[in-house]
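Spelled out from the first residue to the last, the chains are:
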Amino acid sequence: MQDLKKLEKEAEKAIIEAADEAVLRDVEIKFLGRKGTLTSVLRGLKDLSEKKRRELGPKANTLRVKLETSIGEKRYDLRKKELNARLKKEWIDISRPGIKTAQGHLHPLTASLREITSIFHSLGFDAVVGPEIETEWYNFDALNIPSDHPARDLWDTFWLRQDKKSAIKEKLLLRTHTSPVQIRFMGKNQPPLRIIVPGKVFRNDASDATHDIEFYQVEGLMVDKEISVANFKEIIQVFFEKFFSSGGGSAFSVKGGPASGRGGKEKINIRLRPSFFPFTEPSFEIDLKFPGSKRWLEVAGAGMVHPNVFKNSGLNPKHWRGFAFGFGVDRLCMMKYKISDIRLLHSSDPRFLKQF
Ligand code: DAH
């Protein structure tokens, strides 16, 4: 009995003094653990006489419950204290502005390509693609540009170095324009057809602010029984007005009109100027003049599909008529976003790209 009283005092004191959960855990083990002091007392009960056991048994058990309860309460207190201390230290200022995560965006060229594709799509044109490595036939001959034709000089070409023993006998090159896809597409599809061909082209030329050795073109082709220059002019007018009146914050945007530009007071002036391309007859150059500007800007080449191009694609030129055009996407993108040097578009320089 004496020992039990002493044990109780000792245990209560230790519990009260425990400064943290680890110490409290030690106290718990010391008195109530498998080899704990009180546990030993409880274990020893069975060796006592029945009289002593009846006397001591209930007391020892009551003490166990009491100590368990005290330890539980103390643990709860310690946890609360610790939590309060943490809450005091780690607080969150919910009125503080958050940290902005850097968000990427489309490259202006990609944005332009997508927009061009989407505008032509709304006019019924499907986008198709062709290979960047092209044969001499598709890039030149089939487009009515035989090897002795002086017009070949218009396209400074990267020819591929080829193994003489290779199975490929045709001369290969990096396509200088997207026009070869006209032949490829007409060779496999019957008119009526309306396609555009967005894609990368290559020129073996010195680069400067307006020329680069690789850039993007969009080719257009519409073929049917009765197609005229008038159809072409309408399509191209709608296209340029839509392209330059949306987004971009361009100084050239069409004022006072809806996205189509139609119905506004001012519209983009479009001029077709006679020109020459071996694959079209007649051929023209397309110039644009923006509202408020005095300058005509050359933006595209175009024309009515040459009979030889139909023939080389396996179509009868007596049955079909079409127009074709091709423009440089980089140049349109530069006009729209007011970019002064084409090389910036291909620089991947974040200081440049961040501005869009
Ligand atoms: N392929 C020409 C070039 O790269 C552009 C062009 C002109 C495409 C007239 C056409 C066209 O389809 O009809 O300079």
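Residues numbered from 1 in each chain as written. Predicted model: local features only at pLDDT ≥ 70, side-chain atom pairs only at ≥ 80, totals over all residues. Heavy atoms only, no water.

### Focus on the environment of S347
Inspection of the secondary structure puts S347 in the loop between α11 (342-345) and α12 (350-353). S347 gets classed as partly exposed once you look at its relative accessible area, which sits at 35%. Among the polar contacts made by the side chain of S347, one reaches the main-chain carbonyl oxygen of L344 at a distance of 2.7 Å. (Helix = DSSP H or I, 4+ residues; strand = E, 2+ residues; numbered from the N terminus. Buried < 20%, exposed > 50% of the residue type's maximum accessible area, 1.4 Å probe, protein only. Polar contact = N/O pair within 3.5 Å; in protein donor to acceptor, adjacent residues only side chain to side chain.)

### Considering the domain arrangement of the protein chain
Examined at the domain level, the protein chain breaks down into domain 1 (2-90) and domain 2 (108-353). A straight line from the C-alpha centre of domain 1 to that of domain 2 covers 89 Å. (Domains from an automatic or database assignment.)

### Considerations on the pattern of salt bridges
Scanning the entire structure with this criterion turns up 19 salt bridges. For D287, the salt bridge goes to R271, with nearest N and O atoms at 3.0 Å. On the criterion of sequence distance, the pair formed by D287 in strand β7 (residues 280-289) and R271 in strand β6 (residues 269-275) is long-range, its members being 16 residues apart. Its relative accessible area of 31% is what places R271 among the partly exposed residues. A salt bridge links R351 to D349; the nearest nitrogen and oxygen atoms lie 2.7 Å apart. A relative accessible area of 62% places R351 in the exposed class. (Salt bridge = Lys/Arg side-chain N within 4 Å of Asp/Glu carboxyl O.)

### Description of the site of the ligand
Close contacts around the ligand come from 16 residues, with H177, S179, R203, Q217 and E219 the closest. F325 places a polar main-chain atom, nitrogen or oxygen, 3.3 Å from an oxygen atom of the ligand. Burial of the ligand by the protein chains amounts to 92% of its free accessible area of 350 Å². Going through the elements one at a time, β5 (214-224), β8 (297-305) and β9 (321-328) are the ones with two or more residues in the shell around the ligand. Residues of the shell around the ligand, tallied by class, amount to 6 nonpolar, 8 polar and 2 charged. (Near = heavy atom within 4 Å. Areas by Shrake-Rupley, 256 points an atom, 1.4 Å probe, with all protein chains shown as cover. Nonpolar A, V, L, I, M, F, W, Y, C, P; charged D, E, K, R; others polar.)

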